[in-house]
Amino acid sequence: MSATLIDGRALASALRISVRQKVAELVARGVRPCLAVILVGNDPASRIYVRNKSRASEDTGALSELHEFPDHTAEAALLERIAALNADPRVHGILVQLPLPAQIRTGRVLEAVSPEKDVDGFHLHNLGALVAGRAGFVPCTPAGIIKMITHAGVPLAGRHAVVLGRSNIVGKPMALLLLREDATVTICHSKTRDLALITRQADILVAAVGRAKMVTGAMVKPGACVIDVGINRLADGSLAGDVDFASVKEVAGHLTPVPGGVGPMTVAMLLANTARAAERALAGRAEPR
Ligand code: GUN
């Protein structure tokens, strides 16, 4: 048996069409959504991600502006730029690409972004709203994953979802979103014992650990829905997810490929959040709903 692949590119492209429509409506009402992207340093992967996000944003008819800073930038300079972007009514979304260089306190920078412009959903205000089940911006990768699972027709209510990884960007918000969908959720991490024993109980398994091919077919329950968040560069230059695609596809019911799975959905959700931020600004409401 071979798993059904969940095509993130196709789903993202459908989502982008609906965002394009929303952007056109906003433009007709006098507002062109604008995303400001802040990039510090020369991390090659970050550069590629930022370029993809900016291009995709412009493709919807929105504006995107890149704010580049050298690697040695002081935290104060970054905070000053964020304050200016917060105050600029032309700008609806602000994204600070992570990771930031070591001299900069990431928390301080993320907390400086106005929650109404926090299209990444990384501000404590938005994370708190997620914990409390209130309206707010939700981090793009886990939000896209929920869309992929539901689009594939995989039920979540009452099912056991296991999340591998506890990062603030993916693992923790992912667990909260799965809980919101009434799944029974287990979070595993580097100190978890008997990992395979737990993963083999998962109806939905989300791998977000950043270790190439660490989830093998022997760790997966037959028929499970397996979501691969990893993008790892192998020694030969090729890309691999956190999931060993060859062995898992023989066991899983659904599986996301890398590339072409979660990545395109993350970008599509960012565009949707940016359009929503512009819509909220136009309506004069501070809280995203
Ligand atoms: N670095 C890795 N993933 C992300 C993301 O989703 N948003 C930002 N801003 N930085 C990242």
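The following refers to the structure shown.

**Quick notes on the overall build of the protein chain**
The helix and strand tally for the protein chain stands at 10 helices and 11 strands. Taken over the C-alpha atoms alone, the protein chain extends approximately 55 × 40 × 35 Å along its principal axes. Out of the 289 residues belonging to the protein chain, those deemed buried represent 50%. Excluding contacts between residues fewer than 6 apart, the proportion of contacts in the protein chain whose partners are at least 24 apart in sequence is 69%. Just so you have it, the protein chain exposes about 13,200 Å², and 55% of that area is on carbon and sulfur atoms. Side chains of the protein chain give 33 positive and 26 negative charges; the mean places of these two sets differ by 2 Å.

**A look at the sheet that holds strand S5 (residues 160–164)**
If you trace the 6 strands from one edge of the open sheet to the other, you get S1-S11-S8-S7-S5-S6, paired in parallel fashion. Each edge of the sheet is formed by a strand with only one pairing partner; in this case those strands are strand S1 (4–5) and strand S6 (184–188). With 5 bridges joining them, S5 and S6 adopt parallel strand pairing. Within S6, the residue paired with His160 across the bridge is Thr184.

**A closer look at the pattern of salt bridges**
For the structure on display, the rule yields 9 salt bridges. Taking the shortest distance from any N to any O, the salt bridge between Glu65 and Arg90 comes out at 3.3 Å. Linking Glu65 in strand S3 (residues 63–69) with Arg90 in the loop between helix H3 (75–87) and strand S4 (93–96), this pair joins segments that are 25 residues apart in sequence. Sharing partners across several salt bridges, the network here consists of Arg16, Arg20 and Asp59.

**A short note on the nonpolar core**
In terms of nonpolar packing, the biggest core is built from 41 residues, with Ile145, Ile149, Leu178, Ile204, Ile227 and Val229 touching the most fellow members. Those elements giving two or more residues to this core turn out to be helix H1 (8–28), strand S2 (34–40), helix H6 (140–151), S5, helix H7 (171–180), strand S7 (204–207), strand S8 (225–228) and helix H10 (262–283). Excluding residues within four positions of it along the chain, Ile149 makes contact with Val154, Leu156, Leu178, Ile204, Cys225 and Ile227.

**Brief notes about the site of the ligand**
All residues adjacent to the ligand are Lys53, Leu95, Val96, Gln97, Leu98, Asp120 and Phe122. Backbone polar atom of Val96 to a nitrogen atom of the ligand: 2.8 Å apart, as the coordinates give it. Separating a nitrogen atom of the ligand from a side-chain N or O atom of Asp120 is a distance of 2.6 Å. Contact with the protein chains removes 81% of the 280 Å² of surface that the ligand exposes when unbound. Tallied by class, the residues present in the shell around the ligand amount to 4 nonpolar, 1 polar and 2 charged.

**Comments concerning helix H2 (residues 44–59)**
Since one α-helical turn is 3.6 residues long, residues separated by three or four positions face the same way. The first and last C-alpha atoms of H2 sit 23 Å apart over 16 residues, in line with the 22 Å expected at 1.5 Å per residue. Of all the positions in H2, only Ser46, Val50, Lys53, Ser54, Ala56 and Ser57 are classed as buried. Angular distribution of buried residues about the axis of H2 spans 165°; they occupy a single face of the element. Residues of H2 that are exposed and point over 90 degrees away from its buried face: Pro44 and Arg55. Gly61 occupies a position one or two residues after H2 and carries a positive phi of about 100°.

**Side note on the side chain of His123**
On the secondary structure map, His123 appears in the loop between helix H4 (106–112) and helix H5 (124–132). Setting aside residues up to four positions removed in sequence, His123 forms contacts with Leu110, Glu111, Val113, Pro115 and Asp118.

Reading the values: the criteria
Position numbers for residues start from 1 in each chain and track the written sequence from start to end. Given that the model is predicted, a residue must reach a pLDDT of at least 70 before its local features are reported, and side-chain atom pairs must reach 80 or more before they are shown or counted; all residues, however, enter totals for whole chains, interfaces and linings. Derived side-chain values reflect all non-hydrogen atoms in the structure, with water molecules and hydrogen atoms excluded from consideration. Note on conventions: DSSP H or I runs of at least 4 residues are helices, E runs of at least 2 residues are strands, and numbering of each starts at the N terminus. Think of it in three bands: with a 1.4 Å probe and only protein chains considered, a residue is buried below 20% of the maximum accessible area for its type, exposed above 50%, and partly exposed in between. What makes two residues a contact is simply this: any of their non-hydrogen atoms within 4.5 Å. Note on areas: Shrake-Rupley, 1.4 Å probe, and residue coverage restricted to the protein chains presented here. Positive: Lys, Arg. Negative: Asp, Glu. His and the chain ends are not part of the count. Charged groups are reduced to one reference atom each: NZ for lysine, CZ for arginine, CG for aspartic acid, CD for glutamic acid. Note: two strands are recorded as paired if DSSP finds a minimum of 2 bridges between them. Throughout this description, the term salt bridge denotes a Lys or Arg side-chain nitrogen within 4 Å of a carboxyl oxygen of Asp or Glu. The nonpolar core is taken to be a set of buried Ala, Val, Leu, Ile, Met, Phe, Trp, Tyr and Cys residues, with the residues joined through side-chain atoms within 4.5 Å. For this purpose, a residue is taken to be near a molecule or strand whenever a single non-hydrogen atom of the residue falls within 4 Å of it. Here a polar contact is recorded for every N or O atom pair within 3.5 Å, except that within protein the pair must consist of a potential hydrogen donor and a potential acceptor, and residues adjacent in sequence are included only if both atoms are side-chain atoms. As a working rule, the residues Ala, Val, Leu, Ile, Met, Phe, Trp, Tyr, Cys and Pro are called nonpolar, Asp, Glu, Lys and Arg charged, and the rest polar, with Gly in that last group. How far a helix is expected to stretch is found by multiplying one less than its residue total by 1.5 Å. Each direction from the helix axis to a C-beta atom contributes to the arc, which is the arc of those directions.

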